[in-house]
Amino acid sequence: LASSRRPYAGEAMGCGTSKPGLTYKQKLKLWRKRGGGDLEPVLASGAVAVLDAQWVISHAEAGGVLAHRQALPKEAFLSLADLVEAT
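The structure reproduced in this document is the subject of the present report.

Basis of the calculations
Residues numbered from 1 in each chain as written. Predicted model: local features only at pLDDT ≥ 70, side-chain atom pairs only at ≥ 80, totals over all residues. Heavy atoms only, no water. Helix = DSSP H or I, 4+ residues; strand = E, 2+ residues; numbered from the N terminus. Contact = heavy atoms within 4.5 Å. Areas by Shrake-Rupley, 256 points an atom, 1.4 Å probe, with all protein chains shown as cover. Core = buried A, V, L, I, M, F, W, Y, C linked by side-chain atoms within 4.5 Å. Buried < 20%, exposed > 50% of the residue type's maximum accessible area, 1.4 Å probe, protein only. Polar contact = N/O pair within 3.5 Å; in protein donor to acceptor, adjacent residues only side chain to side chain. Salt bridge = Lys/Arg side-chain N within 4 Å of Asp/Glu carboxyl O. Arc of directions from axis to C-beta.

**What to know about the overall build of the protein chain**
Point 1. A tally of helices and strands in the protein chain yields five helices and two strands.
Point 2. Along the chain direction, N to C, the helices and strands of the protein chain fall in the order α-α-α-β-α-β-α.
Point 3. For the protein chain, long-range pairs separated by at least 24 residues make up 60% of all intrachain contacts whose partners lie at least 6 apart in sequence.
Point 4. With the model as given, the accessible surface of the protein chain reaches about 5,900 Å², and the carbon-plus-sulfur share is 59%.

Structure, rendered in structure tokens:
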């Protein structure tokens, strides 16, 4: 990436689904309306972690190989806020 700003999940995935005109609260409501709320307990428990596709691509382009989850940096994963922002 040319800048140090980390793209939101929707930008990183290039899916174009992010709604930039909405507030976080509105995006959270939309996230839950679309069923995202069903994932929240699993994400909060740590049982599931969503990899950031942009991080994986950058890591691979730098010659990196995916290690086991516990060895990956925090930046390799999307937070709930990242997922909501991509809504």
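Back to the text.
**Section: the nonpolar core**
Looking at soluble globular proteins, one finds that nonpolar side chains tend to be buried together.
Point 1. Counting residues in each nonpolar core, the largest one holds six residues, listed as Leu28, Trp31, Leu43, Leu78, Leu83 and Val84.
Point 2. When contributions to this core are tallied by element, the ones reaching two or more residues are helix 2 (24-33) and helix 5 (80-85).
Point 3. Excluding its chain neighbours within four sequence positions, the residues that come into contact with Val84 are Tyr24, Lys27, Leu28 and Trp31.

**Quick word on helix 4 (residues 53-61)**
Point 1. Where helix 4 begins, the capping side chain belongs to Asp52, and its oxygen is found 2.9 Å from the backbone nitrogen of Gln54.
Point 2. At the C-terminal side of helix 4, Gly63 shows a positive phi close to 90 degrees.

**A closer look at the environment of Leu51**
Point 1. By the element assignment, Leu51 lies in strand 1 (residues 50-51).
Point 2. Classification of Leu51 by relative accessible area gives partly exposed; the value is 35%.
Point 3. On a C-alpha basis, the gap between Leu51 and Lys74 in space is 9.7 Å, while along the polypeptide they are 23 residues apart.

**Quick look at the pattern of salt bridges**
Point 1. Per the stated rule, a full pass over the model turns up two salt bridges.
Point 2. A salt bridge links Glu85 to Lys27, with the shortest nitrogen-to-oxygen separation between them at 2.8 Å. Residue Glu85 is located in helix 5, and its partner Lys27 is located in helix 2; the two are separated by 58 residues in the primary sequence. Lys27 matches Glu85 in its accessibility class, with the two residues each being buried.
Point 3. Across the pair Arg32 and Glu40 runs a salt bridge whose closest N-O atoms are separated by 2.9 Å.
Point 4. For Arg32, a relative accessible area of 45% gives the class partly exposed.

**Quick look at helix 2**
An α-helix turns once every 3.6 residues. As a result, residues three or four positions apart point the same way.
Point 1. Every buried residue of helix 2 is accounted for by Lys27, Leu28, Leu30 and Trp31. Looking straight down helix 2, one finds its buried side chains confined to an arc of 165 degrees; they lie on one side. Among the exposed residues of helix 2, those oriented more than 90 degrees off its buried face are Lys25, Lys29 and Lys33.
Point 2. Looking at the buried positions of helix 2, the neighbouring elements they touch are helix 3 (40-45) and helix 5.

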